[in-house]
Amino acid sequence: SQQGEEDPQALSIQEGENATMNCSYKTSINNLQWYRQNSGRGLVHLILIRSNEREKHSGRLRVTLDTSKKSSSLLITASRAADTASYFCATDKGNAGNMLTFGGGTRLMVKP
Amino acid sequence: KAGVTQTPRYLIKTRGQQVTLSCSPISGHRSVSWYQQTPGQGLQFLFEYFSETQRNKGNFPGRFSGRQFSNSRSEMNVSTLELGDSALYLCASNNGGASGETQYFGPGTRLLVL
């Protein structure tokens, strides 16, 4: 079963606009990561934020984490057509190994 | 370094058959994880292998199994296929250290069960 939900499920914007996606999860976590998937292909890691961090930046990406609300947001600034993809948040509980629990994903379409 | 490779990329099977999917991790990576992606259930963790041992297991029936070889390559097997097993199967690899380490995903194997 999925850890949580992502909101919105789909988002359509114009190039140059900002895109914000939200992720909520149900249980305590150790880390939260965001991945991108193009057209049913493999996932590409974007950014990781640890449970003791509140905000992180990487290029045009900004991620926030609110552990009290069990939620995270991903902001993509100055979007490009190439950003069109599905975006997933994934959490882990810090157990040994790699067991990610994914959200349902947000489908982003950036129109040129 | 070459990325994670999965073979075959596409597969069509009929109900009741079995299937074996293969994953070659990035050179040097010791952990391989498998995920199932379907429109209805989304991305779900199947299992993880590290140094030829299953380290974590998701909530899937025993028809789903896997193994890892000494060169870290991994295979997963699904026996007695059901229509609901139609999915994109993704594998991911990393060094297998502390949690939060980036996982590198392969392109996936798309399985269609008729």
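Details of the structure are given in the entry above.
Residues numbered from 1 in each chain as written. Chains lettered and ligands numbered in written order. Predicted model: local features only at pLDDT ≥ 70, side-chain atom pairs only at ≥ 80, totals over all residues. Heavy atoms only, no water.

Peer 1: Lay out the state of the cysteines in plain terms, naming residues and giving numbers.
Peer 2: Here the structure, examined in full by the defined rule, presents two disulfides over all chains. The disulfide bridge from A:Cys23 ends at A:Cys89, spanning 2.0 Å between sulfur atoms. Where A:Cys23 bonds to A:Cys89 through sulfur, the torsion about that S-S bond is close to 70°, and the disulfide is right-handed. Of this pair, A:Cys23 sits in strand β3 (residues 19-25) while A:Cys89 sits in strand β9 (residues 85-92), placing them 66 residues apart in sequence. Summarising the burial analysis for this pair, A:Cys23 and A:Cys89 share the class buried. Paired through a disulfide, B:Cys23 and B:Cys91 show a sulfur-sulfur distance of 1.9 Å. Looking along the S-S bond of the B:Cys23-B:Cys91 disulfide, the torsion reads about 75°, which is the right-handed sense. Of this pair, B:Cys23 sits in strand β3 (residues 19-24) while B:Cys91 sits in strand β9 (residues 87-94), and the two are 68 residues apart along the sequence. (Disulfide = S-S within 2.5 Å. Helix = DSSP H or I, 4+ residues; strand = E, 2+ residues; numbered from the N terminus. Buried < 20%, exposed > 50% of the residue type's maximum accessible area, 1.4 Å probe, protein only.)

Peer 1: Explain a nonpolar patch on the surface to me, using residue names and the numbers behind them.
Peer 2: All names here are of chain B. Among the surface-exposed residues, Ile12, Leu112 and Leu114 lie close enough to one another that they form a single nonpolar patch of about 300 Å² accessible area. Relative to the helices and strands, Leu112 is located in strand β11 (residues 109-113). Given the relative accessible area of 39%, Leu112 is considered partly exposed. (Patch = residues over 30% accessible without salt bridge, like charges linked within 9 Å, V, L, I, M, F, W, Y side chains within 5 Å. Areas by Shrake-Rupley, 256 points an atom, 1.4 Å probe, with all protein chains shown as cover. Salt bridge = Lys/Arg side-chain N within 4 Å of Asp/Glu carboxyl O.)

Peer 1: Give me the lowdown on the packing of aromatic side chains, citing residues and values where you can.
Peer 2: Following the criterion strictly, the structure yields nine aromatic pairs over all chains and no others. Centre to centre, the rings of A:Tyr35 and A:Phe102 are 5.9 Å apart; their planes meet at 55°, and the pair counts as tilted. Taken together, the positions of A:Tyr35 in strand β4 (residues 31-37) and A:Phe102 in strand β10 (residues 101-102) put the pair 67 residues apart, joining distant regions of the chain. Each member of the pair A:Tyr35 and A:Phe102 is classed as buried. The cationic tip of B:Arg55 hangs over the ring face of B:Phe50; the distance from NZ or CZ to the ring centre is 4.2 Å. (Phe/Tyr/Trp six-rings, centres within 6.5 Å; stacked < 30°, edge-to-face > 60°. Lys NZ or Arg CZ within 6 Å of the ring centre and 35° of its normal.)

Peer 1: Lay out the sheet that holds strand β8 (residues 74-78) of chain B with the relevant residues and their values.
Peer 2: Residues and elements named next belong to chain B. One open sheet accounts for four strands, arranged β1-β3-β8-β7; its pairing is antiparallel. Looking at the sheet topology across the chains shown, the edges are occupied by β1 (5-7) and β7 (64-68). Each neighbouring strand pair of the sheet contributes to a mean axis angle of 20°, computed without reference to strand direction. Pairing of β3 with β8, which is carried by five bridges, proceeds in the antiparallel orientation. (Pairing = 2+ DSSP bridges. Axes fitted to C-alpha atoms, helices over the stretch in contact; angles between N-to-C directions.)

Peer 1: Go over the interface of chain A and chain B, please, and point to the residues and values.
Peer 2: By a frequent convention, interface size equals the accessible area lost on bringing the separate parts together. Facing 24 residues of chain A, the contacting portion of chain B comprises 26 residues. Surface buried jointly by chain A and chain B totals about 1,900 Å² across both partners, of which 47% is contributed by carbon and sulfur atoms. Among the residues chain A hides against chain B, the three largest losses belong to A:Leu43, A:Asn98 and A:Met99. Together they make up 31% of the total. Taken together, chain A and chain B are joined by zero salt bridges. Counting every contact that joins chain A to chain B gives eight residue pairs in polar contact (both at pLDDT 80 or more). Listing elements by their share of the side of chain A that touches chain B, those giving two or more residues are β4, β5 (43-50) and β9 of chain A. Counted by class, the side of chain A that touches chain B contains eight nonpolar, 13 polar and three charged residues. (Contact = heavy atoms within 4.5 Å. Buried area = accessible area lost by both parts, 1.4 Å probe. Polar contact = N/O pair within 3.5 Å; in protein donor to acceptor, adjacent residues only side chain to side chain. Nonpolar A, V, L, I, M, F, W, Y, C, P; charged D, E, K, R; others polar.)

Peer 1: How would you summarise the side chain of A:Thr64 if you had to cite specific residues and measurements?
Peer 2: All names here are of chain A. Along the polypeptide, Thr64 turns up in strand β7 (residues 61-66). Within the local environment of Thr64, its side chain forms a polar contact with the side chain of Ser73, the two groups lying 2.6 Å apart. Apart from residues lying up to four places away in sequence, Thr64 is in contact with Ile49, Arg54, Glu55, Ser71, Ser72 and Ser73.

Peer 1: Tell me about the pairing of β9(A), and name the residues and values.
Peer 2: Residue and element names in this part refer to chain A. Burial of β9 is extensive: eight of the eight residues sit out of reach of the surface. Side-chain alternation along β9 places Ala85, Tyr87, Cys89 and Thr91 on one buried face and Ser86, Phe88, Ala90 and Asp92 on a second face that is also buried. Here seven bridges tie β4 to β9, and the two strands are oriented antiparallel to one another. Each bridged residue has a counterpart across the sheet, and for Arg36 the counterpart in β9 is Tyr87. Sheet topology places β9 next to strand β11 (residues 106-111); three bridges connect them, and they run antiparallel. Considered in β11, the bridge of Ala85 is made with Leu108. Where β9 and β10 come together, two bridges link them in antiparallel fashion. The partner of Ala90 across the bridge, within β10, is Phe102.

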